[in-house]
Amino acid sequence: MKIQVITLFPEMFTGVLGSSMLWKAADRNIVEYEFINLREYGLGPRKQVDDTPYGGGDGMLLMVEPLVAAIEAAKAKCPEAKVMLPTPRGKLYKQSDAKRLAAATQDLIIICPRYEGYDERVTKWVDEQFCIGNYVLTGGELPAMIMIDSVVRLLPGVLGGETSAEVESFQDDDESIEYPQYTRPETFQDMKVPDVLLSGHHAEIAAWRKNN
Ligand code: ADE
């Protein structure tokens, strides 16, 4: 699975994709990350990527020409890739979307908007618009990282081999949260691990976990 990210701030991804499971997934060639700096597709000697909105209003918008040029460069490498656009106007991103994208192991191109947004005409090149929650961020980089994390961890061979991706929260987009867990010590500042978890009784432990 190849994930190409179109961004003005590729350095924001270094820590997140360069650590832990997201790094391991790339190291094991399960996923490949590539960054396309939108600035390289900027217009004129100043490599301009943004301009003021028609009709007035605050802030700057990403221009359609650099965005489409960057998308087409990414598509040239992966013609079948799905183009994803994080935006507060998109459909709420859920665990079922992560599962669907991981199961398809389809190459992805993720555009990261900045400033006050983007020229709406770019959406003609976009397959899916998604929103990660009812709050507004300064750009699409964090939503892109959230989507990458949620998808890559579900790819075969990324998690530790046990059932971690199966027995977990939001299995079916419902509100069910993973059961609480404990490790040593048995008692910490008067707080004791529930007896049933120390009992070794698998059926009772399973029942407890279902109800907690
Ligand atoms: N860009 C800014 N805020 C966002 C959000 N909540 N979801 C997706 N993209 C965004």
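Undergrad: Outline the domain arrangement of the chain, supporting the account with residue identities and numerical values.
TA: Here the chain is described as being made up of domain 1 (2-152) and domain 2 (179-211). For domain 1 and domain 2, the distance between their C-alpha centroids amounts to 42 Å.

Undergrad: Can you break down the site of the ligand residue by residue, with the values?
TA: The ligand sits among Pro86, Thr87, Pro88, Phe130, Cys131, Ile132, Gly133, Tyr135, Val136, Leu137, Gly139 and Pro143. A distance of 3.1 Å is found between a nitrogen atom of the ligand and a backbone nitrogen or oxygen belonging to Gly133. For the ligand, the protein covers 95% of the area, taking 260 Å² as the surface of the free molecule. Per element, the largest residue contribution to the shell around the ligand is three residues, and it comes from strand 5 (residues 82-92).

Undergrad: Account for the nonpolar core, with residues named and values stated.
TA: In this structure, Ile3, Met147, Ile148 and Val152 are the most contacted members of the largest nonpolar core, which totals 29 residues. Contributions of two or more residues to this core are made by strand 1 (2-7), helix 2 (20-27), helix 4 (95-104), strand 6 (108-111) and helix 5 (141-152). Tallying contributions element by element places helix 5 first for this core, with six residues. In contact with Ile3, other than residues within four places in its own chain, are Val31, Glu32, Tyr33, Glu34, Leu108, Ile110, Ile148 and Val152. By size, the runner-up hydrophobic cluster in this structure holds 21 residues, among which are Leu8, Leu62, Ala70 and Cys78.

Undergrad: Before we move on, could you go through the side chain of Glu141 and cite the residues and values that matter?
TA: You can see Glu141 is positioned in helix 5. Here Thr7 takes part through its side chain, which lies 2.6 Å from a polar atom of the side chain of Glu141. Side-chain polar atoms of Glu141 contact the side chain of Arg114, separated by 2.9 Å.

Undergrad: So what's going on with the environment of Ala70? Residues and values would help.
TA: Along the chain, Ala70 turns up in helix 3 (residues 64-77). Distance in space between the C-alpha atoms of Ala70 and Thr7 is 9.5 Å, their sequence separation being 63 residues. Beyond its immediate chain neighbours, meaning those up to four positions away, Ala70 contacts Ile6, Ile36, Leu38 and Tyr41.

Undergrad: How would you explain helix 4 if you had to name every residue and give the values?
TA: The complete set of buried residues in helix 4 reads Gln95, Asp97, Ala98, Leu101 and Ala102. Buried residues along helix 4 cover an arc of 160° about the axis, so they all sit on one side. Of the surrounding elements, those touching the buried residues of helix 4 are strand 5, strand 6 and helix 5. Positive backbone phi, approximately 35°, marks Thr105, located one or two places after helix 4.

Undergrad: How would you sum up the packing of aromatic side chains? Please name residues and give values.
TA: Within the structure shown, the criterion is met by two aromatic pairs. Measuring from centroid to centroid gives 5.1 Å for Phe13 and Phe35, while their planes differ by 45°, and the two rings are tilted. Here Phe35 lies in strand 2 (residues 32-37) and Phe13 lies in the loop between strand 1 and helix 1 (14-17), a separation of 22 residues in the sequence. Exposure remark for Phe35: the relative accessible area of 32% places this residue in the partly exposed category.

Undergrad: Give a detailed account of the pattern of salt bridges, specifying residues and quantitative values.
TA: When the charged atoms of two side chains with opposite charge come close together, those side chains can pair. Applying the stated criterion across every chain, the model contains 11 salt bridges. One salt bridge in this structure joins Glu34 and Lys77, with 2.4 Å as the shortest N-O distance. In this pair, Glu34 is assigned in strand 2 and Lys77 in helix 3, connecting sequence segments 43 residues apart.

Undergrad: I'd like to hear about the sheet that holds strand 2, residue by residue, with values.
TA: Spatial ordering of the open sheet is given by 2-1-6-5-7, a layout of five strands whose pairing is parallel. Every other strand in the sheet has two partners, leaving strand 2 and strand 7 (128-131) as the edge strands with one partner each. The sheet shows a mean angle of 30° between the axes of neighbouring strands, direction not considered. The pairing of strand 5 with strand 6 spans three bridges and is parallel. Residue pairing across strands places Lys82 opposite Leu108, the latter belonging to strand 6.

Cut-offs applied
- Chains are numbered independently. Their residues run from 1 in the order of the written sequence.
- Local features in a predicted model are, by the rule used here, given only for residues with pLDDT of at least 70; side-chain atom pairs are given and counted only at 80 or more, and totals for whole chains, interfaces and linings are based on all residues.
- Heavy atoms throughout the structure, all of them, feed into the side-chain values; hydrogens and water do not.
- Boundaries of every domain are those given by an automatic assignment or by a domain database.
- Residue proximity to a molecule or strand is established when one non-hydrogen atom of the residue lies within 4 Å of it.
- Pairing of N or O atoms within 3.5 Å defines a polar contact, subject to two protein rules: one partner must be a possible hydrogen donor and the other a possible acceptor, and residues neighboring in sequence count only if both atoms are side-chain atoms.
- What sets the accessible areas is the Shrake-Rupley method with a 1.4 Å probe; for residues, cover comes only from the shown protein chains.
- Helical segments are the DSSP runs of H or I of at least four residues, strand segments are the runs of E of at least two, and each set is numbered from the N terminus.
- To qualify as a nonpolar core, a set must consist of buried Ala, Val, Leu, Ile, Met, Phe, Trp, Tyr and Cys residues joined through side-chain atoms within 4.5 Å.
- Exposure categories follow from relative accessible area, calculated using a 1.4 Å probe and restricted to protein chains: below 20% of the type maximum is buried, above 50% is exposed, and the middle band is partly exposed.
- Contacts were defined at the residue level, with two residues in contact if any of their heavy atoms lie within 4.5 Å.
- Throughout, the arc means that of the directions going from the helix axis to the C-beta atoms.
- The criterion for an aromatic pair is that two Phe, Tyr or Trp rings (for Trp, the six-membered ring) have centres within 6.5 Å, with stacked assigned to planes under 30 degrees apart, edge-to-face to planes over 60 apart and tilted to the rest.
- Every case where a carboxyl oxygen of Asp or Glu lies within 4 Å of a side-chain nitrogen of Lys or Arg is listed as a salt bridge.
- Strands are treated as partners if at least two bridges between them are detected by DSSP.
- A fitted line through C-alpha atoms represents every axis, and for helices the fit uses only the stretch in contact; the resulting angles, taken between N-to-C directions, go from 0 to 180 degrees.

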